[in-house]
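Spelled out from the first residue to the last, the chains are:
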Amino acid sequence: MSRPIDQARNAETFLADTAHEQRLDKLLWAMRMRRDAAARQVPEWEELRTLASQIKEHTLSNLAEYLIQFEANAIANGAVVHWARDAHEHNQIVLDILTQQGARELVKSKSMLTEECELRPFLETRCVRVVETDLGERIQQLDNQPPGHIVGPAIHKTNKDVAILFSQKYGSDPDNEDTAYLAGVMREHTRPDFLKAGVGLTGANFVVADSGAIVVATNEGNADLSANTPSIHICSAGIEKVIPTTESLAVFIRLLARSATGDTITQYTSTFRGPRKGAAMHVILVDNGRSARLGMKRFWHSLKCIRCAACMNTCPVYRRSGGLSYGSTYMGPIGIIMMPTFEIRKYSELPFSSTLNASCTNVCPVKIDIHEQIYGWREVMEENDQIQVVKKEAMRVAGVVLSHSALYRTATSTLPVGLEVLPHSVIYSRLNAWGKHRDIPDVPYETFHEWYRKNRHDEVMHDQPL
Amino acid sequence: MINPSDAAARNVILDAIRGNQPAAQPMPPIPHFRNQPADLVIAFCESLAWMTGVVVTEAVPDLESFVHARFPDAKIICSSVPEYVGTIHPASFDHWSDASIIDVCVLRSPMGVAETGSVLLSDIELQVNTIALLARDIVVLLDPKQIVPNIHDAYEHPHFKSRPYCLLMTGPSGSGDIGGTVVHPAQGAKTLTVIFSPVPGDGQRSG
């Protein structure tokens, strides 16, 4: 059985480097600000969010029918449609296509689904060279790390980090930290891979039932190159990515880039309906736990996610701890509510990596009740006895104290004395997670209750539980 | 076609979905948002400028001179428009990867989008899809009468339900993956220049 991921402990590594931490916080908050500015420019923004939510809920509640409709149209367009129950089946289908083509290399664009399926290690252990062509994803591949962010996989790295990495892997100038130079190094080394590749793979932002199309949105153009330059295009898509119509696609395209980066649209917003003459297009529809999640009454709404990462950019915990600390494919608020559906024990601690401030819910373009679901997962962890003993006992004690006013008043009146007499090592022991990176604030010389008694003694004190 | 080996998986997945689907919820009507800008051409220019594209609004009577003046070092110029021959035609490429030799690619788009500054390019206009992806610089002719207000209007274009490949291209390729600063190019084109140019003999939107 897997040990639970300790996000807080993992974050300590990231927090130890103040420069990285502050930079990431600033960068992500700037993206959040750009998202807000972009949203304000669209008068019908809230209407679009409501529509997107309703369209997704309609589609998910009629999912089988829409998948069948997509399949029929895609086949009519000349595509080959595959179905994969789990990650292994998905990976095996990709390997089989490569083998049929005699291909030992695969160029691919960013796809969180293939991260979820661990496609790259699966293929690499079978002697297939995989080249990530998204800049951020390639940086993470070269550094042997998973993505740290859904939209910007290497966003936690500084220019200096990338300059050093590229110098080690590509022999470029380690002292040249210019962004354009570094992007140029990547372009120079990736272009030959595109040109010689026999098979390319992309993910799918949307799968359109009424046209049999898949839609991919990128800024770099690497997905279009991966799909068009080789003669075989594989598209890996989660079954929840289907939407009913081309008409409804417009709603999501208007929301996606604005929510993600504050741009109105991505530079390349591409629709692939079928193969060109003499080429082949394979679409792999992947379940991997999604159909089971659809049956979770409290959590199926997480399937509405369009992977914009707005919830991550606004989350104070994510911004101050980095994506790698979550130890999971999906990170930040959306990761917290998705990952336990894959493995409850391993991700049992993630729901506690949140302040429950609801900022994530407020920015979600498809109105997923993210903070409510995070709270719901905490309850599930409690119901399934997945909460650590220390945390559970602390919550039990707090519950008793807070529900008995006399006990609470005794605790608050003795607290100042306790803080004065107890040694530092006890106050800041391992049990005091709050005090790990902060000083305990000075305790007021009197409680509100004491002040009230002194100043409002004529008024009736209702000694009700707080 | 369905891969026969996937048929079992298909049935298992669809059965699982049917067993777990929440109660059917209605599809909402999608209103046609008509809050279009007062001037579509100005809005298009502003939107594309935001995405680092360039719009040439004044008439360009001699496309060849324009291309040579703007891209003086360009040697391989691929044109798919009748107005300009260039040095190579898309039909010349036996392999789509061969398009990487192109310096400048000249195309005509059947539609622009004011809301975003996007131009539509499908396999009809491209002929070889990679010419707009592997070329260093892209020049797109666009009839200003073929600019539609927003993305809802854009997806009504018949290409999206009839063509194998449709690209809404909005500026040159870019990436903000290093340091959060967007730079151009990433993997695709270094520049995108849109020239306003009426369709010869027909100002109406073409299918």
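The structure presented is a predicted model; accordingly, all values stated were derived computationally and were not measured.

Chemist: Any details on the overall build of chain B? Residues and values, ideally.
Modeler: Per the secondary structure count, chain B includes 7 helices and 9 strands. Expressed as a percentage of its 207 residues, the buried residues of chain B come to 52%.

Chemist: Kindly report on the overall build of chain A, identifying the contributing residues and their values.
Modeler: The number of helices and strands found in chain A is 22 helices and 10 strands. Compactness check: chain A gives a C-alpha radius of gyration of 25 Å against a globular reference of 23 Å for 466 residues, within 12% of the reference. In terms of its C-alpha atoms, chain A occupies a principal-axis envelope of roughly 90 × 55 × 50 Å. Sorting the 466 residues of chain A into buried and exposed places 48% on the buried side. Contacts in chain A between residues far apart in sequence, at least 24 positions, make up 74% of those at least 6 positions apart.

Chemist: Report on the nonpolar core, specifying residues and quantitative values.
Modeler: Soluble globular proteins tend to pack their nonpolar side chains together in the buried interior. Residues Ala132 and Ala135 of chain B are the most contacted members of the largest nonpolar core, which totals 161 residues. Among the elements that line this core, the one with the most residues is helix H12 (residues 246–260) of chain A, at 9 residues. If we ignore the near neighbours within four places in the chain, the residues touching Ala135 of chain B are Cys78, Ala99, Ile102, Asp103, Val104, Cys105 and Ala189 of chain B. One finds Leu24, Ala154 and Phe166 of chain A together with Ala186 of chain B within the second-largest nonpolar core, a separate group that totals 18 residues.

Chemist: An account of the interface of chain A and chain B is needed here, citing residue identities and associated values.
Modeler: In this complex, chain A contributes 79 residues to the contact, which on the side of chain B involves 64 residues. Taken together, the residues of the side of chain A that touches chain B break down into 36 nonpolar, 29 polar and 14 charged. Pairing of strand E9 (residues 268–272) of chain A with strand E8 (residues 165–169) of chain B, which is carried by 5 bridges, proceeds in the antiparallel orientation. Within E8 of chain B, the residue paired with Tyr268 of chain A across the bridge is Met169 of chain B.

Chemist: Report on the packing of helix H9 (residues 159–170) of chain A against helix H10 (residues 179–196) of chain A, specifying residues and quantitative values.
Modeler: All names here are of chain A. Between H9 and H10, the least distance of the axes is 10 Å, while the angle of their chain directions is 30°. Between H9 and H10, the angle is such that the two are roughly parallel. With respect to the hand of their crossing, H9 and H10 are arranged in left-handed fashion. For the pair H9 and H10, contact is made by Asn159, Val162, Ala163, Phe166 and Tyr170 and by Thr179, Leu182, Val185 and His189, respectively. In terms of residue class, the contact of H9 with H10 is built from 6 nonpolar, 3 polar and no charged.

Chemist: How would you explain the sheet that holds strand E7 (residues 232–238) of chain A if you had to name every residue and give the values?
Modeler: Residues and elements named next belong to chain A. A sheet is described by the order of its strands in space; here 6 strands give the open sequence E1-E10-E7-E4-E2-E3, paired in parallel fashion. Edge strands, defined here as strands with exactly one partner in the open sheet, are strand E1 (80–84) and strand E3 (129–132). In this sheet, adjacent strand axes meet at a mean angle of 25° when their direction is disregarded. Sheet topology note: the strand E4 (residues 199–202)/E7 ladder contains 4 bridges and is parallel. Among the inter-strand pairings, Val199 is bridged to a residue of E7, identified as Ile232. Of the strands in this sheet, E1, strand E2 (105–108), E4, E7 and strand E10 (280–286) are in contact with helix H5 (residues 87–101), which crosses E7 at around 175°.

Chemist: Which residues make up the sheet that holds E8 of chain B, and what values do they have?
Modeler: One open sheet accounts for 8 strands, arranged E8(A)-E5(A)-E6(A)-E9(A)-E8(B)-E5(B)-E4(B)-E7(B); its pairing is mixed. For this open sheet the edge positions go to strand E8 (242–243) of chain A together with strand E7 (147–148) of chain B, each flanked by a neighbour on one side alone. With 2 bridges joining them, strand E5 (residues 206–208) of chain A and E8 of chain A adopt parallel strand pairing. Bridge pairing in E8 of chain A links Val207 of chain A to Val242 of chain A. Set on the sheet, H12 of chain A makes contact with E5, strand E6 (213–218), E8 and E9 of chain A; between it and E5 of chain A the angle comes to about 170°.

Chemist: Describe the pairing of E7 of chain A, naming the residues involved and giving the relevant values.
Modeler: Residues and elements named next belong to chain A. For E7, a buried count of 7 out of 7 residues is recorded, marking the element as mostly surrounded by other parts of the structure. Here E7 runs beside E10; their pairing, made up of 7 bridges, is parallel. Along E10, the bridge assignment pairs Ser236 with Ile284.

Chemist: So what about the pairing of E1 of chain A? Which residues, and what values?
Modeler: Residues and elements named next belong to chain A. Across the 5 residues that make up E1, a large majority, 4, are buried. For E1 and E10, the ladder comprises 5 bridges, and the chain directions are parallel. Along E10, the bridge assignment pairs Val81 with Val283.

Chemist: Quick one: what's the story with unusual backbone geometry, residue by residue and with numbers?
Modeler: Leaving glycine out, the prevailing phi sign among residues is negative, and the prevailing peptide bond configuration is trans. Cis geometry marks the peptide bond from His184 of chain B to Pro185 of chain B; its omega dihedral reads -5°. The residue Pro185 of chain B is located in the loop between E8 and strand E9 (191–196) in this model. We note that Ala358 of chain A has phi near 70°; this positive angle belongs to a residue other than glycine. By secondary structure assignment, the location of Ala358 of chain A is in the loop between helix H16 (332–342) and helix H17 (359–363).

Chemist: Tell me what's going on with the packing of helix H4 (residues 63–76) of chain A against helix H1 (residues 7–20) of chain B, and back it up with residues and numbers.
Modeler: Relative orientation of the contacting elements H4 of chain A and H1 of chain B amounts to 145°, with a least axis distance of 8 Å. Contact with H4 of chain A, carried on its side by Leu63, Ala64 and Leu67 of chain A, involves Leu14, Ile17 and Arg18 of chain B of H1 of chain B and no other residues of that element. Classifying every residue of the contact of H4 of chain A with H1 of chain B gives 5 nonpolar, no polar and 1 charged.

Chemist: Could you give me a rundown of the environment of Trp50 of chain B, with the residues and numbers involved?
Modeler: All names here are of chain B. Tracing the backbone through its elements, the reader meets Trp50 in helix H2 (residues 40–50). Overall, the presence of 14 C-beta atoms within 10 Å leaves Trp50 in the partly exposed class. Counting along the chain gives 31 residues from Trp50 to Val81, while the straight-line C-alpha distance between them is 27 Å.

Chemist: Give a description of H9 of chain A that names residues and reports values.
Modeler: Residue and element names in this part refer to chain A. For H9, spanning 12 residues, the distance from its first C-alpha to its last is 15 Å, which sits close to the expected 16 Å at 1.5 Å a residue. All of the buried residues in H9 are Val162, Ala163 and Phe166. One side of H9 carries all its buried residues, which in axial view fall inside an arc of 100°. One or two steps after H9, the chain reaches Gly171, where phi turns positive at roughly 75°.

Chemist: Which residues make up the environment of Ile387 of chain A, and what values go with them?
Modeler: All names here are of chain A. With respect to the secondary-structure elements, Ile387 resides in the loop between helix H18 (370–383) and helix H19 (389–402). Along the primary structure Ile387 and Ile214 are separated by 173 residues, whereas in three dimensions their C-alpha atoms are 41 Å apart. Ignoring any residue separated from it by four or fewer positions in sequence, one finds Ile387 in contact with Met381, Glu382 and Lys392.

Chemist: Please set out the confidence of the model for chain B residue by residue, giving values where relevant.
Modeler: Residues and elements named next belong to chain B. For chain B, mean pLDDT is 93; residues scoring 70 or higher make up 95% of the total. Segment residues 203–207 is flagged for pLDDT under 50; beyond a separation of four residues in sequence, or across chains, it makes 9 contacts in the model. Predicted complex metrics record ipTM = 0.95 and pTM = 0.92.

Chemist: Any chance you could break down the environment of Ser80 of chain B for me, citing the residues and the numbers?
Modeler: All names here are of chain B. By secondary structure assignment, the location of Ser80 is in the loop between strand E2 (77–79) and strand E3 (104–109). For Ser80, a count of 21 C-beta atoms within 10 Å puts it in the buried group. A sequence separation of 22 residues divides Ser80 from Ile102, and the C-alpha atoms of the two residues are 13 Å apart. When near neighbours in sequence (up to four residues on either side) are disregarded, Ser80 contacts Pro90, Leu107, Glu125, Leu126 and Gln127.

Scoring rules and cut-offs
Residues numbered from 1 in each chain as written. Chains lettered and ligands numbered in written order. Predicted model: local features only at pLDDT ≥ 70, side-chain atom pairs only at ≥ 80, totals over all residues. Helix = DSSP H or I, 4+ residues; strand = E, 2+ residues; numbered from the N terminus. Buried ≥ 20, exposed ≤ 12 C-beta atoms within 10 Å, placed from the backbone. Rg over C-alpha atoms; globule rule 2.2 N^0.38 Å. Contact = placed C-beta atoms within 7 Å. Core = buried A, V, L, I, M, F, W, Y, C linked by C-beta atoms within 7 Å. Nonpolar A, V, L, I, M, F, W, Y, C, P; charged D, E, K, R; others polar. Pairing = 2+ DSSP bridges. Axes fitted to C-alpha atoms, helices over the stretch in contact; angles between N-to-C directions. Parallel < 35°, antiparallel > 145°, perpendicular 65-115°, else oblique. Left-handed = near helix turned anticlockwise from the far one by under 90°. Expected span 1.5 Å × (residues − 1). Arc of directions from axis to C-beta. pLDDT = per-residue confidence, 0-100.

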